[in-house]
Structures are given as structure tokens and as C-alpha cells.
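Residue-level structure breakdown
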Amino acid sequence: MTASSPDALRGTVESGLAALGLDAALAGPLLDYLALLQRWNAAYNLTAVRDPRQMVVLHLLDSLAIAAHTEGLQRLADLGTGAGLPGIPLAIARPDLQVTLVESNGKKARFLREAVRQLGLANARVAETRAEALDEPGAHDAITARALAPLAEILAVGGHLVRPGGRLLAMKGQRPDTELAALPAGWRLEGVHRLDVPGLAAERHLVVVERLS
Ligand SMILES: C[S@@+](CC[C@H](N)C(=O)[O-])C[C@H]1O[C@@H](n2cnc3c(N)ncnc32)[C@H](O)[C@@H]1O
């Protein structure tokens, strides 16, 4: 059995889910998403990560490492979601969470619509638009962003989507101290949380910023 065989991949997903305190039953739909992503990636170039085991760790498990921080949220917008990261794994893991996948690139949005349809994700929808043009002021409990922009820029393009008291959940590598020093007025740093991504040695952090009332 190689590290990328179907059984090995399932094992990596299941042990990752266990480490994150998530249900092993999520492995099926997560692997369905991965298969779809691999299939479309051949023609659409959706992600530079092509090795299946790397895709499990860097995409699925990395996204799910913030699942615990979405507890209690009802509406979330994932800005610059690309191929659906972290939005689709979160929508799979949290069927009670309404996820809006915000993506301006037409090819990626097309993939997202197909993924939502084929995976039967009733709690996810695609907004093919730039985040700054999304006319849903204060409609979301939180916005997420991974590999999108510095914190101040994320808030400039998508801060209007967050309700007062709601949050930005920004996924970062090393602790982004320079970005933290440049937070705009009207926002308060709630915390910087170290993320443990199963199978990943690199440092990962989640920055949580609250919109003041
Ligand atoms: C580097 S990719 C990251 C994708 C995904 N979040 C991930 O972690 O794999 C950034 C994505 O954001 C999209 N994007 C950039 N600026 C945007 C904006 N203002 N509104 C919506 N999407 C945007 C790009 O089209 C691209 O797909």
C-alpha cells in the first residue's frame, strides 16, 4: 500500500479527523470532494498541490483545523475561497453552518457550483463576485480567509459582511505580528491561536478579530 493509495488516503483522513476531534464518518464526503478537486484540477488548474496525500494534509486537514472555532456560528462567508478552502471542508463538517463561498474567478466559481451540487451540500452556496461587491452587509457571523491577503486588506474587502460582534477567522502561517499591528479601527484582536494540523510540521495560526459594535 503506497501513501497515496485509496486505503492509505482514507486512513490519513480518518486519523486526522480523530486528532481534530471530528467524526470519522466525514471521511467519505471529504474524499469525494478531494476526488472532484483532483479531476477538475487536471483541466482547471485549481491548486498547485497535486500529490493526493499532500492535498489531504494541506487542504482538508488544514481547513478542518479551524472547525472548533466555528462552533455556535450560523452564517459564515469564506472570502477568496478558490477551490473551496477552507469553506467546503467546513460545510461538510458542520451541516448546521450556512457557508457562502465567495470567489471572483469564473473558472473556480464554476468548479465550486459543481462541487456543491455533486456533494449535495445543502448548506453551501457560491457567490461569484469580488468580496467587496457582495451586498450582504452584516449578514454573517464570521468571515474566513486563507491565503487571501494581509489582515487589514481582508477587512477592507470583506469586513462589511460581518455583523457587529462577529469575527474574522484568518488562517496564517507564522504569527503575523506586522499585520496585527495594522488592524483598522473598529476591530479588536480576540486572539492568535496555534493550529495543530495533523501531519503538518509547519507553523499554522488562526487570527481571530472581532468587529466592535
Ligand atoms: C491564493 S488563492 C487561495 C484560495 C483558497 N482560499 C486556498 O486557501 O486555497 C486566493 C483566491 O482568492 C480569490 N480572490 C482574490 N481577491 C478576491 C476578492 N476580492 N474577492 C473574491 N475573491 C478573491 C482569487 O481568485 C483566488 O482564487
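Residues numbered from 1 in each chain as written. Predicted model: local features only at pLDDT ≥ 70, side-chain atom pairs only at ≥ 80, totals over all residues. Heavy atoms only, no water.

1. What about the sheet that holds strand β7 (residues 205-211)?
- Ordered by their spatial adjacency, seven strands build an open sheet running β3-β2-β1-β4-β5-β7-β6, and the pairing between neighbours is mixed. The open sheet terminates on both sides in strands that have one partner only, identified here as β3 (124-128) and β6 (187-194). Taken pair by pair, the neighbouring strands of this sheet meet at an average axis angle of 20°, ignoring direction.
- As paired strands, strand β2 (residues 98-103) and β3 are joined by five bridges and run parallel to one another. Each residue of the ladder has a partner; that of Leu101, found in β3, is Val126. (Pairing = 2+ DSSP bridges. Helix = DSSP H or I, 4+ residues; strand = E, 2+ residues; numbered from the N terminus. Axes fitted to C-alpha atoms, helices over the stretch in contact; angles between N-to-C directions.)

2. Examining the pattern of salt bridges
- Tallied over the entire structure, the rule returns twelve salt bridges.
- Notably, a salt bridge pairs Asp177 with Arg175, separated by 2.8 Å at the nearest N-O pair.
- One salt bridge connects Arg188 with Glu210, and the closest N-O pair in it is separated by 2.7 Å. With a gap of 22 residues between them, Arg188 in strand β6 and Glu210 in strand β7 connect regions that are remote in the sequence.
- Ionic contacts of the salt-bridge type, sharing partners, join the residues Asp62, Arg146 and Arg204 into one network. (Salt bridge = Lys/Arg side-chain N within 4 Å of Asp/Glu carboxyl O.)

3. Side note on the site of the ligand
- Taken together, 15 residues lie around the ligand, and Gly80, Leu85, Glu103, Ala131 and Arg146 are the ones closest in.
- Contact distances for the ligand include 2.9 Å between a nitrogen atom and a side-chain N or O atom of Glu132.
- Between Arg146 and the ligand, the recorded distance is 2.6 Å, taken from a side-chain N or O atom to an oxygen atom.
- Burial of the ligand by the protein amounts to 76% of the accessible area it has alone, namely 590 Å². (Near = heavy atom within 4 Å. Polar contact = N/O pair within 3.5 Å; in protein donor to acceptor, adjacent residues only side chain to side chain. Areas by Shrake-Rupley, 256 points an atom, 1.4 Å probe, with all protein chains shown as cover.)

4. Quick look at the UniProt feature "binding site: S-adenosyl-L-methionine" (unreviewed entry) in the chain
- Sites flagged by UniProt as "binding site: S-adenosyl-L-methionine" (unreviewed entry) map to Gly80, Leu85, Ala131, Glu132 and Arg146.
- Tracing the backbone shows Gly80 in the loop between β1 (75-79) and α4 (87-93).
- When sequence neighbours within four positions are dropped, the list of residues in contact with Gly80 reads Val102, Glu103, Arg146 and Leu148.
- Take Leu85: it is sitting in the loop between β1 and α4.
- Look at Leu85 and you get buried, because its relative accessible area is 7%.
- In this structure Leu85 touches Tyr33, His59, Ser63, Asp78 and Arg146, once residues within four positions along its chain are discounted. (UniProt positions renumbered as here; feature names shortened; annotations may be inferred. Contact = heavy atoms within 4.5 Å. Buried < 20%, exposed > 50% of the residue type's maximum accessible area, 1.4 Å probe, protein only.)

5. A look at unusual backbone geometry
- The residue after Leu85, namely Pro86, is reached through a cis peptide bond having omega 5°.
- If you trace the backbone, Pro86 turns up in the loop between β1 and α4.
- A positive phi angle, close to 55°, is found at Ala147, a residue other than glycine.
- Note that Ala147 resides in the loop between β4 (140-146) and α6 (151-158).
- Note on Ala147: relative accessible area 77%, which makes it exposed.

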